Amino acid sequence: MTENTPAAPAGTPKTAVLPPRHTTPPARFSHGVIKGGLLQVAGQVGFGPAEPGRSPSPVGPGLREQTLQTLENVRAVLEEGGSSWEDAIMIRVFLTDTEHFAEFNAIWDEYFAGLTQPPSARTTVYVGLPAGLLVEIDALAVL
Amino acid sequence: MTENTPAAPAGTPKTAVLPPRHTTPPARFSHGVIKGGLLQVAGQVGFGPAEPGRSPSPVGPGLREQTLQTLENVRAVLEEGGSSWEDAIMIRVFLTDTEHFAEFNAIWDEYFAGLTQPPSARTTVYVGLPAGLLVEIDALAVL
Amino acid sequence: MTENTPAAPAGTPKTAVLPPRHTTPPARFSHGVIKGGLLQVAGQVGFGPAEPGRSPSPVGPGLREQTLQTLENVRAVLEEGGSSWEDAIMIRVFLTDTEHFAEFNAIWDEYFAGLTQPPSARTTVYVGLPAGLLVEIDALAVL
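Rules used throughout
- Residues numbered from 1 in each chain as written.
- Chains lettered and ligands numbered in written order.
- Predicted model: local features only at pLDDT ≥ 70, side-chain atom pairs only at ≥ 80, totals over all residues.
- Heavy atoms only, no water.
- Helix = DSSP H or I, 4+ residues; strand = E, 2+ residues; numbered from the N terminus.
- Expected span 1.5 Å × (residues − 1).
- Buried < 20%, exposed > 50% of the residue type's maximum accessible area, 1.4 Å probe, protein only.
- Contact = heavy atoms within 4.5 Å.
- Buried area = accessible area lost by both parts, 1.4 Å probe.
- Salt bridge = Lys/Arg side-chain N within 4 Å of Asp/Glu carboxyl O.
- Nonpolar A, V, L, I, M, F, W, Y, C, P; charged D, E, K, R; others polar.
- Pairing = 2+ DSSP bridges.
- Least-squares fit on C-alpha atoms with pLDDT ≥ 70 in both.
- Axes fitted to C-alpha atoms, helices over the stretch in contact; angles between N-to-C directions.
- Parallel < 35°, antiparallel > 145°, perpendicular 65-115°, else oblique.
- Left-handed = near helix turned anticlockwise from the far one by under 90°.
- Polar contact = N/O pair within 3.5 Å; in protein donor to acceptor, adjacent residues only side chain to side chain.

- Per an unreviewed UniProt entry, chain A goes by RidA family protein and derives from Streptomyces bohaiensis.

1. A short note on helix α1 (residues 63-80) of chain C
All names here are of chain C.
At step 1: For α1, spanning 18 residues, the distance from its first C-alpha to its last is 25 Å, which sits close to the expected 26 Å at 1.5 Å a residue.
At step 2: Where α1 is concerned, the buried positions are Leu63, Gln66, Thr67, Gln69, Thr70, Leu71, Asn73, Val74, Arg75, Val77 and Leu78.
At step 3: Tucked inside the fold, the buried residues of α1 contact β1 (14-17), β2 (32-35), β3 (38-44), β4 (88-95), α2 (101-111) and β6 (135-142).

2. Brief notes about the interface of chain C and chain B
In many analyses, interface size is given as the accessible surface area lost on bringing the parts together.
At step 1: Between chain C and chain B, the contact holds 29 residues from the first and 34 residues from the second.
At step 2: For the chain C and chain B pair, buried surface summed over both sides reaches about 2800 Å², with 60% attributable to carbon and sulfur atoms.
At step 3: Our enumeration of links across chain C and chain B arrives at 2 salt bridges.
At step 4: Across the pair Asp138(C) and Arg92(B) runs a salt bridge whose closest N-O atoms are separated by 2.8 Å.
At step 5: Put simply, the parts of the chain that give the side of chain C that touches chain B at least two residues each are β1, β2, β3, β4 and β6 of chain C.
At step 6: Per-class residue counts for the side of chain C that touches chain B are 15 nonpolar, 8 polar and 6 charged.

3. Describing the pairing of strand β3 (residues 38-44) of chain B
All names here are of chain B.
At step 1: Most of β3 is tucked away: 7 of the 7 residues are buried.
At step 2: Direction of pairing for strand β2 (residues 32-35) relative to β3: antiparallel, over a ladder of 4 bridges. By the bridge assignment, isoleucine 34 is partnered in β3 with leucine 39.
At step 3: Taking the residues that link successive antiparallel strands as the turn, the β2-β3 hairpin has 2 residues, and the phi of glycine 36 there is positive, at about 55°.
At step 4: Bridge analysis of β3 against strand β6 (residues 135-142) gives 5 bridges, and the strand direction is antiparallel. By the bridge assignment for β6, leucine 38 is matched with valine 142.

4. Overview of the relation of the copies chain C and chain B
At step 1: Structural alignment of chain C on chain B gives an RMSD of 0.0 Å, achieved by rotating through 120° and translating 0.0 Å along the axis. Taken together, the rotation angle and the small translation identify this as a three-fold axis. Scanning chain C for the C-alpha nearest the rotation axis identifies Val127(C), at a separation of 3.3 Å.
At step 2: When the interface residues of chain C are mapped onto chain B, a mere 10% of them are again interface residues, pointing to distinct binding faces.

5. Topic: the pattern of salt bridges
Residue and element names in this part refer to chain C.
At step 1: Scanning the model with the defined rule gives 18 salt bridges over all chains in all.
At step 2: Between glutamate 72 and arginine 75 there is a salt bridge, and its shortest N-O distance comes to 2.4 Å. Placement of both glutamate 72 and arginine 75 in helix α1 is noted, with a separation of 3 residues, approximately one turn of the helix.
At step 3: The partly exposed category is assigned to glutamate 72, whose relative accessible area is 30%.
At step 4: When its relative accessible area of 18% is taken as the criterion, arginine 75 is described as buried.

6. Observations concerning the relation of the copies chain A and chain B
Both copies of the chain are related by a screw-like operation: a rotation about an axis and a shift along it.
At step 1: Mapping chain A onto chain B is achieved by rotating through 120° and translating by 0.0 Å along the same axis, at an RMSD of 0.0 Å.
At step 2: Take the interface residues of chain A: only 9% of them recur as interface residues in chain B, which is what a contact between different surfaces looks like.

7. A closer look at the packing of helix α1 (residues 63-80) of chain A against helix α2 (residues 101-111) of chain A
All names here are of chain A.
At step 1: With their axes 10 Å apart at the nearest point, α1 and α2 run at an angle of 45° to one another. Here α1 is positioned oblique relative to α2, judged by the angle of their axes. Considering only the axes of α1 and α2, their crossing is right-handed. Contact with α1, carried on its side by Leu63, Arg64, Thr67, Leu68, Leu71, Glu72 and Arg75, involves Glu103, Phe104, Ile107, Trp108, Glu110 and Tyr111 of α2 and no other residues of that element.
At step 2: Residue composition of the contact of α1 with α2, grouped by class: 7 nonpolar, 1 polar and 5 charged.

8. Notes on the pairing of β6(B)
At step 1: Burial analysis of β6(B) places 8 of its 8 residues in the buried class, which makes it a mostly covered element.
At step 2: By the alternation rule, side chains of β6(B) split into Val135(B), Ile137(B), Ala139(B) and Ala141(B) and Glu136(B), Asp138(B), Leu140(B) and Val142(B), which are all buried.

9. Side note on the interface of chain A and chain B
At step 1: Contacts between chain A and chain B engage 34 residues on the former and 29 residues on the latter.
At step 2: For the pair chain A and chain B, the number of links is 2 salt bridges.
At step 3: For the interface between chain A and chain B, the tally reads 17 residue pairs in polar contact (both at pLDDT 80 or more).
At step 4: Residue composition of the side of chain A that touches chain B, by class: 19 nonpolar, 9 polar and 6 charged.

This is how it looks when you write it as structure tokens:
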């Protein structure tokens, strides 16, 4: 995008979603965006709430703590955007170790036990993540 | 999600899609979900049809058998949801070995030879998958 | 898809988007697809413009050149589809090396400095890509 790229004519309105306690994204992207009835949540990791003067860092050393914090961070974006897990149609899970699959699924099932709508679709794959991170999750919801 | 999280007020209806011969998902997610005119298919792998008392396992040892079964499993979700490949706008392909790219593309082109609508967009990346799996595929369709 | 699979009855129209200078996709998929108010851009890499008789190859040896070309290739699909970065709700970034994260973010922020709408959501993960490729990016826009 150069200086003289004309902005597209406004179609459907676009709104950024930033939960107040979330850490600032490391680049120019939004934790959540609403446009045309869709709420897209950016990849969330297990960072605890932002603290002034401290770099973001993942909670706890283990998969359980990171997973629950990551899910909580996705949930915060969904709810800040006026939505919830009930509206999610796709949740993408990025783990770092295939050995974590069974434990992750147990945490997942416990976390989502209270859903009243049909659960979201999900894809889980194993990737590299920055040091210290065991899991990253994003979600797409239809409002 | 804690017990006292209120469910979001129902917006557009949400429906789960589960082809009758599909294996049960390993956690609380749906093989497919329809909401607001979108059908999202969860990551499918090369598991054959569910058999009572047997754990899911991939068909055949090779890329070709697994790929065709995986595509068949995605198709089954699309069709159970009243859709088809013709409606897909995005297909995500997760392979495990860059050496498989050419063979995968040949299988793909053969499989999709009969499309009458413009083909879907696609992204292919190389990730880790649980032992024995060579490919995982998900899809997003607009109804 | 076998010869006798009936095509789904046409719902919302589906249009392929192919910028004139893009290289031909290596399999039967579209660089971009529009359907139901969504524009999905397929995974783009740092290939320069198509040249007759030459195989696609990435520009420059470095992350910076490849990233800018990749973003340019996504932009070309968005604009060929009558859209722009301003409409993007999700950008997926696939890098190959966690060491590239800081440099990538700096390039990203420079590139997107002129956005007038709230920036897209983004997920960044580290995967394998074919030899020579350092980055792959796809995007979903709401028209």
